[in-house]
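# Observations on the model geometry
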Amino acid sequence: MTSLAEVPLAPADTTPAAVRLAGTRAGLADISSLLAGAVGTSLAHHAPGPLPAGTPAEVLAAASRALGPAALPERGAGELPALQLLARVMSEYGVNLAHPHAAAHLQPPTLTVAVAADVLASAGNGSLDTYDSGPAGIAVERWLIGALTRLARLGPDADGVLTPGGSLSNLLGLHLARDAAALRRGVDVRRHGVAALPGPRVLCSEIAHFSVHRACAALGLGEDAVIPVATDRRHRMRPDALAARLAALGPDETPVAVVATAGTTDFGTVDPLPAITEIAADHGVWTHVDAAYGFGTLFSDRLAGRLDGIEAADSITLDLHKIGWLPAATSVLLVSDPAGFGALDRQVAYLNPADDADAGFDGLLGRSLQTTRRADAVKAAAAFLAHGRSGLGAMVDRCHDLARHAQTRIESEPALELVAGADLTTVVFRYRGADPAHDDRLNAELRRSLLESGTALIGRTEVPVPAVGNAAVSAAGGAPGRVCLKFTLLNPATTTDDIDTLVAAVLAAGRRCDHLARERTA
Ligand SMILES: *Cc1c(COP(=O)(O)O)cnc(C)c1O
């Protein structure tokens, strides 16, 4: 493959006067023809599997060779050659999430209409912080937030904002919760810092997403502020344990938030939201629901009931770049009371002076920690308008069905052990080798061998698997973490036959790795 340095110079004129700009009428037409040229290259170099074959070192070296020396070239190669080179690198060395054997992460294949809309949003390059940086983007975001608060049944005053990811939505939610909890204690954290807030505590299940801990560190509460609450056998927070933890807090402690998870990353399980929101409300504590993964079940008639209780949350994280089939990042923080955004309001002379704001020339600066902020709602609105709730819901149901099929297939296979069945769209399991003592290493090697061959992209996690015959050990507590394999099924175009061949690939890799391991030790 030729590198950019070797691409012959195109006749394209790169002088300033001739530069083609995306926002113009001619520029929009150019985008289509440039894309058409690049798509041809992508199709020609599409990798056969979900990942390129080879070791990470080989793949990354080949991709950098193709790109050429890491230096800004003195002379540009022209638009189409540049785009074609990148199209080639991306399709030859990238990930193909639309491949039926791409089943590792909460990273879906994307909807074409959303990608097209995202191109339009990029072309316009509107920003959301001020009215004059792009009214359309503001209108689309308000439209999307309205649709989402309605879906969550949050009430007419509810509000929200898009963020660059679920981790940052959790950070923002806890930021608002922190400042609200401090204000209730008469502490102005924004001005005086967190030192003035006595013993901040954030309660979440022991398998809550790590971004909750990170958020506590970033917010100055410290990771020690996190109080892990015990889970039941189905990986859900135990309300009795939460109530006990809250009741045990002393007068020198400040409960900042209770974080419930709606769709745990590994299992898709939902904490009992009605009980949790009620207990938190009894203690006057902010409830944040991390529905990064699970929110999309609200599209589905079959599964929406699992999120009953979410309407009582003070804030909600949701990722439409997971269940939602949108390009990242399309994450949202919803709040039931817009007053919560008071923690972020700010008057800046060059952006939102009071008289401009009074006259209606206002943007969304006061809802975000970002200033310049791209119009990520456009791609989401495109997907919502094009597919509707029922269309998206059918996609959710399809992925749920696929996970259930995978579970059945795994249960029927003696060489596989089901660890957690299909609650939502994930299934966790283990390969059983000849010697159970080596199963952790075997499962890890098995997965790496699939990644290296490029034929299947499956997930890995660690779950405390109780020893057989020791049913007294709770699923989540006590037992040591064991290396498990995971299917995360978010491709609605996948068939049950595809799942069967994926399971067969896992079995074949397991046999191969087990055989190699025994040869090593022999
Ligand atoms: C994925 C996930 C997050 C983090 O979201 P990002 O968009 O990857 O930052 C947070 N919480 C849960 C439960 C998740 O599954």
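What counts, and where the lines are drawn
- Residues numbered from 1 in each chain as written.
- Predicted model: local features only at pLDDT ≥ 70, side-chain atom pairs only at ≥ 80, totals over all residues.
- Heavy atoms only, no water.
- Helix = DSSP H or I, 4+ residues; strand = E, 2+ residues; numbered from the N terminus.
- Pairing = 2+ DSSP bridges.
- Contact = heavy atoms within 4.5 Å.
- Axes fitted to C-alpha atoms, helices over the stretch in contact; angles between N-to-C directions.
- Patch = residues over 30% accessible without salt bridge, like charges linked within 9 Å, V, L, I, M, F, W, Y side chains within 5 Å.
- Areas by Shrake-Rupley, 256 points an atom, 1.4 Å probe, with all protein chains shown as cover.
- Salt bridge = Lys/Arg side-chain N within 4 Å of Asp/Glu carboxyl O.
- Lys, Arg positive; Asp, Glu negative; His and termini not counted.
- Charge placed at Lys NZ, Arg CZ, Asp CG, Glu CD.
- Buried < 20%, exposed > 50% of the residue type's maximum accessible area, 1.4 Å probe, protein only.
- Domains from an automatic or database assignment.
- Core = buried A, V, L, I, M, F, W, Y, C linked by side-chain atoms within 4.5 Å.
- Polar contact = N/O pair within 3.5 Å; in protein donor to acceptor, adjacent residues only side chain to side chain.
- Parallel < 35°, antiparallel > 145°, perpendicular 65-115°, else oblique.
- Left-handed = near helix turned anticlockwise from the far one by under 90°.
- Nonpolar A, V, L, I, M, F, W, Y, C, P; charged D, E, K, R; others polar.
- 1 Å grid on protein atoms, 1.4 Å probe; cavity = no way out; pocket = protein on both sides within 12 Å on 5 of 7 lines; lining within 4 Å.
- Points joined across faces, edges and corners; volume = space filled by probe spheres on them.

### Quick notes on the environment of C399
On the secondary structure map, C399 appears in helix α12 (residues 377–411). Measuring from C-alpha to C-alpha, the distance between C399 and A493 comes to 8.8 Å, with 94 residues separating the pair along the chain.

### Things to note about the sheet that holds strand β12 (residues 481–488)
Taken together, the five strands give an open sheet; going across it, the order is β1-β11-β12-β10-β9, and neighbouring strands pair in mixed fashion. A strand with exactly one partner marks an edge of an open sheet, and here the two such strands are β1 (102–103) and β9 (416–420). Here β1 runs beside strand β11 (residues 457–464); their pairing, made up of two bridges, is parallel. Paired with A103 across the strands is I458, a residue of β11. Lying over the sheet, helix α13 (residues 439–453) contacts β10 (426–431), β11 and β12, oriented at roughly 160° with respect to β11.

### Comments concerning a negative patch on the surface
Together, D132, D355, D356, D358 and D362 make up a region of like negative charge exposed at the surface. Relative to the elements of secondary structure, D358 occurs in helix α11 (residues 354–358).

### A word on the pairing of β9
Pairing of β9 with β10 involves four bridges; the strand directions are antiparallel. Of the residues in β10, the one forming a bridge with E417 is R430. The loop that links β9 with its antiparallel partner β10 comprises five residues.

### A look at the pairing of strand β2 (residues 159–163)
With five of five residues buried, β2 is to be regarded as a mostly interior element. Side-chain alternation along β2 places D159, V161 and T163 on one buried face and G160 and L162 on a second face that is also buried.

### Some remarks on the domain arrangement of the chain
The domain architecture assigned to the chain consists of domain 1 (4–95) and domain 2 (118–200 + 209–223 + 287–386). Each of domain 1 and domain 2 has a C-alpha centre, and these two points are 34 Å apart.

### Regarding the pattern of salt bridges
Pairing of side chains with opposite charge becomes possible as their charged atoms draw close. Enumeration according to the criterion identifies 33 salt bridges in this entry. Residues R389 and D301 are paired through a salt bridge, measuring 3.0 Å at the closest nitrogen-oxygen approach. Remark: D301 occurs in the loop between β6 (286–291) and β7 (315–319) and R389 occurs in helix α12; sequence separation between them is 88 residues. Residue class for R389 comes out partly exposed when judged on its relative accessible area of 39%. With a shortest N-O distance of 3.4 Å, D440 and R482 are connected by a salt bridge. In this pair, D440 sits in helix α13 while R482 sits in strand β12, placing the two residues 42 residues apart along the sequence. Assessed through its relative accessible area of 22%, R482 is described here as partly exposed.

### Re the nonpolar core
Here is a general trend for soluble globular proteins: nonpolar side chains tend to be buried in one another's company. Of all hydrophobic cores here, the largest spans 56 residues; its most connected members are L148, L242, V289, F295, I316, W325 and L334. In terms of residue count, α12 provides more of this core than any other element does, eight residues in total. In this view, W325 contacts P108, P109, T110, L111, L320, L392, M395, V396, C399, L490 and P492; residues no more than four positions away in its chain are not counted. Within the second largest apolar cluster, 30 residues are counted, among which are V189, A215, V256 and F341.

### Overview of the side chain of E413
Examined against the element boundaries, E413 turns out to sit in the loop between α12 and β9. At a separation of 3.4 Å, a polar atom in the side chain of E413 contacts the side chain of R409.

### Considering the side chain of D271
Mapped onto the elements, D271 comes out in the loop between β5 (254–261) and α10 (273–282). Here D271 occupies a buried position and makes no salt bridge, while the nearest side chain of opposite charge, R236, is found at 6.7 Å. Within polar-contact distance, the side chain of D271 engages the backbone nitrogen of M237 at 2.8 Å. In contact with D271, other than residues within four places in its own chain, are S205, H235, R236, M237, A260, T261 and I276.

### What about the packing of helix α5 (residues 135–151) against α12?
Close contact between α5 and α12 brings their axes to 9 Å; oriented N to C, the two are set at 50°. One element, α5, and the other, α12, form an angle in the oblique class. As for how α5 packs across α12, the hand of that crossing is left-handed. Residues V140, E141, W143, L144, A147, L148 and L151 of α5 form the contact with α12, whose own contacting residues are A377, V378, A380, A381, F384, L385 and R389. Split by residue class, the contact of α5 with α12 holds twelve nonpolar, no polar and two charged.

### A closer look at empty space enclosed by the protein
Remark: the empty space left among the atoms is shown by a probe the size of a water molecule rolled over them. Taken as a whole and judged by the stated rule, the model has one cavity of 30 Å³ or more. The calculated volume of the largest cavity comes to roughly 70 Å³. Taken together, L97, A102, A103, A104, H105, Q107, P108, P109, L457, T488, L490 and N491 form the lining of the largest cavity. Split into classes, the residues belonging to the lining of the largest cavity amount to eight nonpolar, four polar and no charged.

### Re the sheet that holds β7
As summarised here, the arrangement of the seven strands in space is β2-β8-β7-β6-β5-β3-β4, forming an open sheet in which the pairing is mixed. The open sheet has two edge strands, β2 and β4 (226–229), and neither has a second partner. Averaged over all pairs of adjacent strands, the angle between their axes in this sheet comes to 20°, without regard to strand direction. Note that strand β3 (residues 200–205) and β5 share five bridges and pair parallel. Pairing of R201 across the sheet is with P255, part of β5. The strands touched by helix α8 (residues 210–218) are β3, β4 and β5; relative to β3, the strand with the most contacts, the crossing angle is about 175°.

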